[in-house]
Amino acid sequence: MTWTDLGNPIPRDKLRKYEPYTWPSQNVEYLPIPIELNLPRLEEIIACRRTRRTFGQLNREQLASFLWLSCRINAKGEDHVGFQITQRPVPSAGAIHPIHLLLGNPNNNWVRYEPENHAFVQLGNIESPLSKLWAEIPDVIDPEDGTALLFVAEPGKTYAKYKFADSLIWRDAGVLIGHMALVAEALHLNFCPLGITGEPWAGKLDNQCQLAGVGMALLGSRTPL
Ligand SMILES: Cc1cc2nc3c(=O)[nH]c(=O)nc-3n(C[C@H](O)[C@H](O)[C@H](O)COP(=O)(O)O)c2cc1C
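Overview of the structure. (Residues numbered from 1 in each chain as written. Predicted model: local features only at pLDDT ≥ 70, side-chain atom pairs only at ≥ 80, totals over all residues. Heavy atoms only, no water.)

Once that is clear, we can look at the environment of Pro11. Note on placement: Pro11 falls in strand 1 (residues 10-11). Separated by 151 residues in the primary sequence, Pro11 and Tyr162 place their C-alpha atoms 4.3 Å from one another. Residues contacting Pro11, with those up to four places away along its chain left out, are Lys161 and Tyr162. (Helix = DSSP H or I, 4+ residues; strand = E, 2+ residues; numbered from the N terminus. Contact = heavy atoms within 4.5 Å.)

Encoded structure:
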């Protein structure tokens with residue numbers, strides 16, 4: 001076995017300026033904000049959480065609640081590196097949150113979750129590499145009518161603040177997956193992390209090499225709609 005040493009992250013003495021990747025911003029669909037969520041107690045959620053591998057279609061409210069509780073931006077902080085740090089439901093090294101979330105359905109339509117406005121944004125003409133990605137999912141698991149979650153890292157964001165940042169980005173992906181597993185259980189949804197990273201397709205979304213796939217998951221309703 002070869003263990004790849006990703007290096008030991010250290011904060012830079014002098015921060016680097018980074019220009020974030022510009023996502024397509026046309027065709028925005030604002031999601032409903034969950035008003036009164038009637039959730040089980042945390043200890044119940046922890047006792048019941050299991051990876052569940054059947055995936056019914058999700059309605060907008062289910063998706064919106066899941067994203068609200070796992071990815072939305074709660075607060076924004078200072079901008080020292082070319083973008084603002086943020087607070088969200090999960091922790092992230094340096095409050096950088098370098099991982100974008102793309103969602104795909106069995107019709108192979110993909111959108112980006114925009115965490116500041118709690119909205120979906122179409123990917124437009126950059127979407128095409130993801131059709132090959134959807135075709136790979138049945139090699140690992142039958143997605144049925146589920147929604148694919150693709151974690152797309154923008155490593156340059158974390159590298160603006162840290163040297164040897166790779167492991168921070170992978171750990172951010174793990175934090176997100178663990179948190180989502182609990183949120184899915186709280187909402188009585190089925191969630192399964194996938195071992196595939198989304199590469200090489202996620203990286204092909206841009207040609208400046210600013211993006212990289214760092215994981216996938218499937219999310220679905222528990223009972224068919
Ligand atoms: C990083 C990661 C990758 C995983 N990849 C897959 C996968 O590709 N297919 C799958 O069916 N389950 C996958 N799982 C789910 C595990 O198999 C599951 O968590 C494990 O069997 C323990 O079951 P539990 O989650 O119900 O406790 C993955 C879990 C993690 C954390």
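Surveying the vicinity of the ligand reveals the residues Arg49, Arg50, Thr51, Arg53, Cys192, Pro193, Leu194 and Gly195. Contact between the ligand and Arg50: an oxygen atom at 2.7 Å from a side-chain N or O atom of the residue. Measuring from an oxygen atom of the ligand, one finds a backbone N or O atom of Gly195 at 2.9 Å. Protein burial of the ligand: of its 620 Å² of free accessible surface, 53% is covered by the chains. (Near = heavy atom within 4 Å. Polar contact = N/O pair within 3.5 Å; in protein donor to acceptor, adjacent residues only side chain to side chain. Areas by Shrake-Rupley, 256 points an atom, 1.4 Å probe, with all protein chains shown as cover.)

The next subject is the pairing of strand 6 (residues 110-114). For strand 6, a buried count of five out of five residues is recorded, marking the element as mostly surrounded by other parts of the structure. Because side chains alternate across strand 6, one face comprises the buried residues Trp110, Arg112 and Glu114, and the other comprises Val111 and Tyr113, equally buried. By the bridge criterion, three bridges tie strand 5 (residues 99-104) to strand 6 in an arrangement that is antiparallel. Looking across to strand 6, one finds that Leu103 is bridged to Val111. (Buried < 20%, exposed > 50% of the residue type's maximum accessible area, 1.4 Å probe, protein only. Pairing = 2+ DSSP bridges.)

We now examine the pattern of salt bridges. Two side chains carrying opposite charge are able to pair once their charged atoms lie near each other. If you walk through the whole model with that rule in mind, you get five salt bridges. Between Arg60 and Glu29 there is a salt bridge whose closest N-O contact spans 2.6 Å. Here Arg60, found in helix 2 (residues 60-70), pairs with Glu29, found in strand 2 (residues 28-30); they are 31 residues apart in sequence, far enough to count as distant. Where Arg222 meets Glu185, a salt bridge forms, and the shortest distance between an N and an O atom there is 3.4 Å. With Arg222 in the segment after strand 11 (212-221) and Glu185 in helix 5 (residues 166-186), this residue pair connects regions lying 37 residues apart in the sequence. (Salt bridge = Lys/Arg side-chain N within 4 Å of Asp/Glu carboxyl O.)

Nothing here speaks to function; it is geometry throughout.
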